[in-house]
Amino acid sequence: MSGDGTVGKALDVLDQVAAYERPVRFGELQDNSAYPKATLYRFLQTLTNQGMLSYDADRQTYALGMRLVRLAHAAWTTSSLAPIARPHLDALSAEIGETVHLAQLDASQVLYVDKRNARQPVEMYSQAGKVGPAYCTGVGKAMMAFLGEAELERAIQQQSFHRFTPTTLASEAELRAELANIRARGYGFDREEHEPGIVCVAVPILTKNGRPLGALSVTGPTSRTSLEQLEDWAPRVIDTATRIGREAQAWRFPETRQQKVMNP
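Described in the following lines is the structure provided in the data block. Note that this is a predicted model, so its numbers are computed, not measured. In this numbering scheme, every chain counts its residues from 1 along its sequence in written order. Residues qualify for local features only when their pLDDT is at least 70, as the model is predicted, and side-chain atom pairs are given and counted only at 80 or more; totals for whole chains, interfaces and linings, by contrast, use all residues. To obtain the side-chain values, all non-hydrogen atoms of the structure were used and water was disregarded.

1. A few points about the sheet that holds strand β1 (residues 24–25)
At least two bridges found by DSSP between two strands is the condition for calling them paired. Numbered from the N terminus, helices here are DSSP runs of H or I no shorter than four residues, and strands are runs of E no shorter than two. Read across the open sheet, the three strands follow the order β1-β3-β2; overall the sheet is antiparallel. The sheet is open, and its two edges are formed by β1 and β2 (53–56), each paired on a single side. The sheet contact formed by β2 and strand β3 (residues 61–64) spans four bridges and is antiparallel. Looking at β3, one finds that Leu53 is bridged to Leu64. Together, β1, β2 and β3 form the strand contacts of helix α1 (residues 5–20), whose direction differs from that of β3 by roughly 95°. Between two residues, a contact is recorded if the distance between any of their heavy atoms is within 4.5 Å. Here an angle of 0 to 180 degrees is reported between the N-to-C directions of two axes, which are lines fitted to C-alpha atoms, with helices fitted over the stretch in contact.

2. Brief notes about the packing of α1 against helix α3 (residues 37–49)
The description of two packed helices rests on the angle between their axes and on the distance between the axes. For the pair α1 and α3, interaxial distance at closest approach is 10 Å and the crossing angle is 85°. When the axis of α1 is compared with that of α3, the two are roughly perpendicular. Along its contact with α1, which presents Thr6, Lys9, Ala10, Val13, Leu14, Gln16 and Val17, the element α3 presents Leu40, Phe43, Leu44 and Leu47. Three categories are distinguished: nonpolar for Ala, Val, Leu, Ile, Met, Phe, Trp, Tyr, Cys and Pro, charged for Asp, Glu, Lys and Arg, and polar for the others, with Gly belonging to the last. Residue composition of the contact of α1 with α3, grouped by class: eight nonpolar, two polar and one charged. Note that the term roughly parallel is reserved for angles under 35 degrees, roughly antiparallel for angles over 145, roughly perpendicular for angles of 65 to 115, and oblique for everything else.

3. Focus on unusual backbone geometry
In the Ramachandran plot, Glu21 falls in the positive-phi region, its phi being about 55° despite a non-glycine side chain. Along the polypeptide, Glu21 turns up in the loop between α1 and β1. Overall, the relative accessible area of 60% leaves Glu21 in the exposed class. You will see that Ala107, though not glycine, has its phi angle at about 50°, which is positive. Whether a residue is buried, partly exposed or exposed follows from its accessible area with a 1.4 Å probe, protein chains only, as a fraction of its type maximum: under 20%, in between, or over 50%, in that order.

4. Some words on the pairing of strand β8 (residues 198–206)
Of all nine residues that make up β8, eight are buried, and the element is covered over most of its length. Strand direction decides the pairing type here: strand β7 (residues 188–191) and β8, joined by four bridges, are antiparallel. If you follow Arg191 over to β8, its bridge partner there is Val199. What sits between the antiparallel neighbours β7 and β8 is a turn of six residues, in which Glu192 has the positive phi angle 60°. One ladder, built from nine bridges, connects β8 with strand β9 (residues 212–221); its direction is antiparallel.

5. Structural notes on the sheet that holds β8
The six strands lie next to each other as β6-β5-β4-β9-β8-β7, forming an open sheet whose pairing is antiparallel. Because the sheet does not close on itself, it has two edges, and the strands there are β6 (131–132) and β7. Direction of pairing for strand β4 (residues 99–106) relative to β9: antiparallel, over a ladder of five bridges. For Ala103, the partnering residue across the bridge sits in β9 and is Ala215. Contacting β4, β5 (109–116) and β9, helix α5 (residues 82–96) runs over the sheet at an angle of about 60° to β5.

6. Structural notes on helix α8 (residues 172–185)
Take the number of residues in a helix, subtract one, and multiply by 1.5 Å to get its expected span. End to end, α8 covers 20 Å across 14 residues, agreeing with the expected 20 Å (1.5 Å per residue, within 8%). For α8, the full list of buried residues reads Leu175, Glu178, Leu179 and Ile182. Here the buried residues of α8 occupy an arc of 100° about the axis, which is enough to place them on one side. In α8, the exposed residues that point more than 90 degrees away from the buried face are Ala173 and Ala184. The secondary structure elements touched by the buried residues of α8 are α6 (138–144), α7 (149–157) and β7. Within two residues after α8, Gly186 carries a phi angle of roughly 95°, on the positive side. To obtain the arc, one takes the directions from the helix axis to the C-beta atoms.

7. Thoughts on the nonpolar core
Joining through side-chain atoms within 4.5 Å is the link that ties buried Ala, Val, Leu, Ile, Met, Phe, Trp, Tyr and Cys residues into a set, and such a set is a nonpolar core. Grouped together as the largest cluster of nonpolar side chains are 26 residues, with contacts concentrated most on Leu102, Val201, Ile205, Leu216 and Val218. Where this core is concerned, the elements lending two or more residues are α5, β4, β8, β9 and α9 (227–248). Top element by residues in this core is α9. It accounts for seven residues. In this view, Leu102 contacts Leu81, Ala82, Ala85, Leu89, Leu111, Tyr112, Val113, Asp114, Ile205 and Ala215; residues no more than four positions away in its chain are not counted. Counting residues in hydrophobic clusters, the runner-up holds 24 residues, among them Tyr135, Met144, Ala145 and Cys200.

So this is what it looks like as structure tokens:
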């Protein structure tokens with residue numbers, strides 16, 4: 001539950017609706033809500049009146065509203081790497097043919113901001129707009145490896161270390177060793193750590209001062225992609241990440257929540 005007063009509570013409700021990824025009835029929300037029935041209803045009405053949610057009277061369901069879509073689009077175009085990276089993602093995807101992800105760190109978690117599907121798509125967790133763990137994803141580890149010392153300490157303390165698969169890094173010591181290897185090598189892997197049967201090679205997108213702006217990955221299923229093949233692609237992914245980072249120097253990105261905390 002948010003500690004940011006009424007606005008924070010309303011955003012909690014908005015997040016709850018979004019988490020269903022489909023239209024949802026009031027009863028379903030109430031079953032999983034920390035708020036009393038009357039309070040939940042009031043927040044839903046306010047969010048609907050403000051266009052952040054839409055209400056289907058026939059089906060009696062709530063869904064994300066068009067005002068939220070417009071705000072999301074504005075955020076995507078002004079505060080993410082996506083507009084800069086778009087042509088580079090297209091070129092890398094066309095050349096390699098496997099799934100390409102673009103991600104950034106948000107409050108020590110991975111936010112997927114863009115994606116190109118493989119020529120032969122496979123189902124996986126990552127989608128643009130979704131948030132995932134940093135400690136067991138290639139893009140997350142690639143970004144964490146190049147954080148400053150204070151930022152890294154904060155990020156590590158915010159990881160859950162839940163074991164998703166037998167190969168998930170499930171301790172701080174394992175993660176620190178992995179990050180040291182990534183710093184030395186310049187790229188990292190996801191060895192089926194978040195999803196069984198899914199592997200990737202990931203590269204940080206850095207400023208000229210070495211600060212991570214985001215990360216880029218090429219991901220594929222183990223049924224047709226090996227770690228050796230991914231390593232062969234690493235130089236091409238590094239080149240693409242370097243180009244994106246170079247072009248990003250001309251942009252001024254809003255600070256992330258994590259950076260604001262570290263630089264009050």
